[in-house]
Amino acid sequence: MSETQNQIDATEIELLTFQVGGQEYAIDIMSVREIRGWSKATPLPHAPNFVRGVINLRGTVLTIVDLADRLGMGRTDTKERNVIIVVHTGIETVGLLVDAVSDILAVNKSELQSPPEMAADNEQAFVSALMIAGERMVRILALSAALPSENTEAA
Amino acid sequence: MMDEDDPMAEIRASFFVECEELLEALQDGLQIMDDGEADDETINVVFRAVHSIKGGAGAFGLEDLVRFAHQFESVLDGVRSGTIEADRNAISVFFQSGDILGDLVRAARDDDIADESRIQGVMSSLTSMLGADAQEYEAEEDVSDFQPMGLSLDLGLDIASNDAPALPDLPDPGAPPAPASTVVFEDGYTIHFLPDSSLYASGNEPLHLLRLLREMGNLDVNCDTSALPSLSELDEEKSYLSWTIHLTTDEDEDAVRDVFDFVADLCTLTITGPGKPGPELPPNDAPSSPSTINDGVPPDASSKPPQNSDPASEATVAQKSGGVPDAKTAPSPVTPAAPSKKPAPSASKSNKPRPTVRVDLERIDRLVNLVGELVINQAMISQSVTEAGLQTNSAVSEGLDEFMQLTRDIQDSVMMIRAQPVKSLFQRMSRIVREASSMVGKSVRLKTEGDATEIDKTVIERLADPLTHMIRNAVDHGIESPQDRLAAGKPEEGIVTLSAGHRSGRVIVEVVDDGAGINRERVLQIAIEKGLVAENAELTDSEIDNLLFMPGFSTASEVSDLSGRGVGMDVVKSAILSLGGRVTIQSNPGSGTIFTISLPLTLAVLDGMVINVANQTLVVPLSTITETLTLMGPDIRALGPQTNVIKVRDSFVPLLDLGFELGFRAPLDSYVGSIALLIAQEDGDHAALIVDSIQDQRQVVIKGLQDTFGQVPGVAAATILGDGKIALILDPVDVVANADGRTQPVQSNLQLAG
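No experiment lies behind these values; they were computed from the predicted model shown.

Visitor: Break down the overall build of chain A for me, with residues and values.
Guide: The helix and strand tally for chain A stands at three helices and ten strands. Sequence-distant contacts, at least 24 apart, represent 55% of the contacts inside chain A between residues at least 6 apart. Accessible surface computed for chain A: about 7,800 Å², of which carbon and sulfur atoms make up 49%.

Here you go:
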């Protein structure tokens, strides 16, 4: 995979893949700021369940979203080996709590498939595309839908 | 950030900053005129502000601005000379002109386009005020008014060796300078005039002054060119020439001084009346050529006298005191010894601002952040020292105490740098009132109080939008129509009062109108129609008033130009909440409405009490806590099945379990023996919050939450503790307002937004 990284053109994107609740997800690497280990978060009162709280990221307050919980796969039982992916959406910076980071893939946009229509499935709204990598199916996370802002900032 | 490599951009930027100050002075002056307390000096200040803006605009080729400023200036000149009367109507036009001038300045700064039709409207009002005089003023308009001043200096140099003097009023600059100190005229005024570079930078031109003097009588002008360096060393931004002028005239000395009135603080000026000996001139005013200065004084870069490199700023002593502006290459031994001559005594010094430094906001922000880190670090050290179990009187602890004291002093000082008077904000609001009232056809006057109150700059900036909206609201909905006012026995002109003041560690801003007050019947009716409250709801007066803050609520029965923008008071409320502030409403039917905004002094630090609840560390702003209590059995009284109150002296106060309210744990079984914080609310009512324990009191650095998360009810912000963990900063008043059950005494039947 690494050989292709030198010649990325407009149709190619790089994806960071990671494990959440036993499933493999990916996000555009351009939105990733850093990856850090899990540290205990300060809970926020009256926050949705999937918001684990806030942590101190070198002097700024970072909201942590439990991605598994957000995707409806139950609250992550945090261990030291859990990982926080710090993502920036252009508006806000949020930490995603995931099980583990697995890979960086360079893929051609044409390899991405639209997810099948399954209206009743809550999870589907968070998946913007699917991709086959070897034997694995990678779900491309719709980052903006998974973040808390849309649901909480209305208040 | 501006491009620091481009000196032109820098000068331009400083011109625009200066314009803001001048516009503010203009507003102030107009306000004084409007209040009928103006003296000649006020009108002069107003005139000078417009004149200086025009001068600078000319230098940058901002033609629209120059044209408008010129017209405005002409009218003001008319006022000054008494040909135009500054009545209410005229002052109203002046206010509009000031607004337009501000628009044009901002348009020029942002490369934007100003509203042409409005400009034309005001321009024609100005022209009609000039009336018969218009012709005269037009004729006076001279292209050279707007030329950058470097030009005439260049000419002076060019013609030094030629025989065609371009400046007919001046003697050939190449001619040997007249020995100024030896010539004493017995029968006239001797004027020694040494312009600062700032005189040119502000768009003034000595030639015009000389022309004015010539109109007064016989003139004998000597130009001292001795300070002129060679062309290669010439800095065209600097002032090298000075003049010794002999004037024979019938006018008195004040009239002569008046000529220099607008440049009095931009030059060194001595005027000696008839019969008096010539002025005691500084030694270096004696004729001297550059060569004599250089003699024996090798150009030594290391011994440069301090030289202000910013030509637009107040000139340095070296420049003011004598004719050796080029001290850089020729450090004259005379310069430091020369007395620093101040502007002529007649020049107005009374309202000279205190010396200030203009600093890039980014630098201050960096400093504030650094101090924040310092405070956190200090907290970390304190914590480590405590954990190390040292004795309290050990050297380390004592040193730490001093360190804490210092940190606090530094922090206070740094915060003070960012504090600004709310005056500029209030001035903007007076424009909003003018525009809003003319739009809805009401006569409304803005009164401001406490505009010297200082608040953190960021708070001021973020207060502008909500305040604008509230002022518009007050004009549009608050104040009645003139007919209704007269019918109600009130003066036709409505008054909106905007006041600011400090109250117990917070800033209180009030918007008060003397209108009809809130029509509660209609408000309730609209709320029911919109389904915001149940049809049979029984609301108290204050609950009805607070309906105005609900999203989607609008009282305007018809959509006017002002309302119907889709922005409601709910937006105002959330904007103020996001500043850590609160807004309350108070209405008196028939006599008006009061909106009270309470804001923290700064968005950077606060004094807090560190508490523990359900294994969480939280910070409660000290300003909200009136006392702490340990609850005794008899103090706690049940009120209904789920509500408790406690008896504090002679009153009963609702009791809230903080851990439960924040959703951290189930309610405690018994509150006996618990610690409670007594919280004072904005309206003076109290509530008690049960906490597990109190750690200590300390200053904490506020870190915003809203950037990463929306509004969290009950939480104002966050801070970083000594161990690097985040602690939330509570907004106890909001906690009480959002309390959802167990111990809340009076269940409100509406849930307000926020």
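Visitor: Explain the packing of aromatic side chains to me, using residue names and the numbers behind them.
Guide: All names here are of chain B. Taken as a whole and judged by the stated rule, the model has six aromatic pairs over all chains. On the numbers, 6.0 Å between centres and 25 degrees between planes, the contact of phenylalanine 193 with tryptophan 243 is stacked. One end of the pair, phenylalanine 193, is in strand β1 (residues 189-195); the other, tryptophan 243, is in strand β3 (residues 242-249), with 50 residues separating them in the sequence. Residue tryptophan 243 is classed as buried on the basis of its relative accessible area, which comes to 3%. Relative to phenylalanine 260, the ring of phenylalanine 193 lies with its centre 5.0 Å away and its plane at 50 degrees, an arrangement referred to as tilted.

Visitor: Which residues make up the pattern of salt bridges, and what are the values?
Guide: Enumeration according to the criterion identifies 31 salt bridges over all chains in this entry. Connected via shared salt-bridge partners are Asp99, Asp103, Arg118, Arg431, Arg434 and Glu435 of chain B.

Visitor: An account of the sheet that holds β3 of chain B is requested, with residue identities and associated values reported.
Guide: Strand pairing in a sheet relies on backbone hydrogen bonds, with the paired strands running either antiparallel or parallel. Residue and element names in this part refer to chain B. The four strands lie next to each other as β2-β3-β1-β4, forming an open sheet whose pairing is antiparallel. Looking at the sheet topology across the chains shown, the edges are occupied by β2 (217-224) and β4 (267-272). Across the sheet, the mean angle separating the axes of adjacent strands is 15 degrees when strand polarity is ignored. For β1 and β4, the ladder comprises six bridges, and the chain directions are antiparallel. Looking across to β4, one finds that isoleucine 191 is bridged to isoleucine 271. Here helix α9 (residues 206-214) sits on the sheet and contacts β1, β2 and β3; the angle it forms with β2, its principal contact strand, is near 150 degrees.

Visitor: I'd like a description of the sheet that holds strand β8 (residues 494-503) of chain B, backed by residues and values.
Guide: Residues and elements named next belong to chain B. Taken in spatial order, the five strands make up an open sheet running β6-β8-β9-β11-β10, and their pairing is mixed. What marks the edges here is a single partner per strand, and that holds for β6 (444-449) and β10 (582-588). The sheet shows a mean angle of 15 degrees between the axes of neighbouring strands, direction not considered. Pairing between β10 and strand β11 (residues 592-600): seven bridges, direction antiparallel. Note on β11: the bridge partner recorded for threonine 584 is threonine 596. Relative to the sheet, helix α17 (residues 457-478) contacts β6, β8, β9 (506-513), β10 and β11, its axis offset from that of β9 by approximately 20 degrees.

Analysis parameters
Residues numbered from 1 in each chain as written. Chains lettered and ligands numbered in written order. Predicted model: local features only at pLDDT ≥ 70, side-chain atom pairs only at ≥ 80, totals over all residues. Heavy atoms only, no water. Helix = DSSP H or I, 4+ residues; strand = E, 2+ residues; numbered from the N terminus. Contact = heavy atoms within 4.5 Å. Areas by Shrake-Rupley, 256 points an atom, 1.4 Å probe, with all protein chains shown as cover. Phe/Tyr/Trp six-rings, centres within 6.5 Å; stacked < 30°, edge-to-face > 60°. Buried < 20%, exposed > 50% of the residue type's maximum accessible area, 1.4 Å probe, protein only. Salt bridge = Lys/Arg side-chain N within 4 Å of Asp/Glu carboxyl O. Pairing = 2+ DSSP bridges. Axes fitted to C-alpha atoms, helices over the stretch in contact; angles between N-to-C directions.

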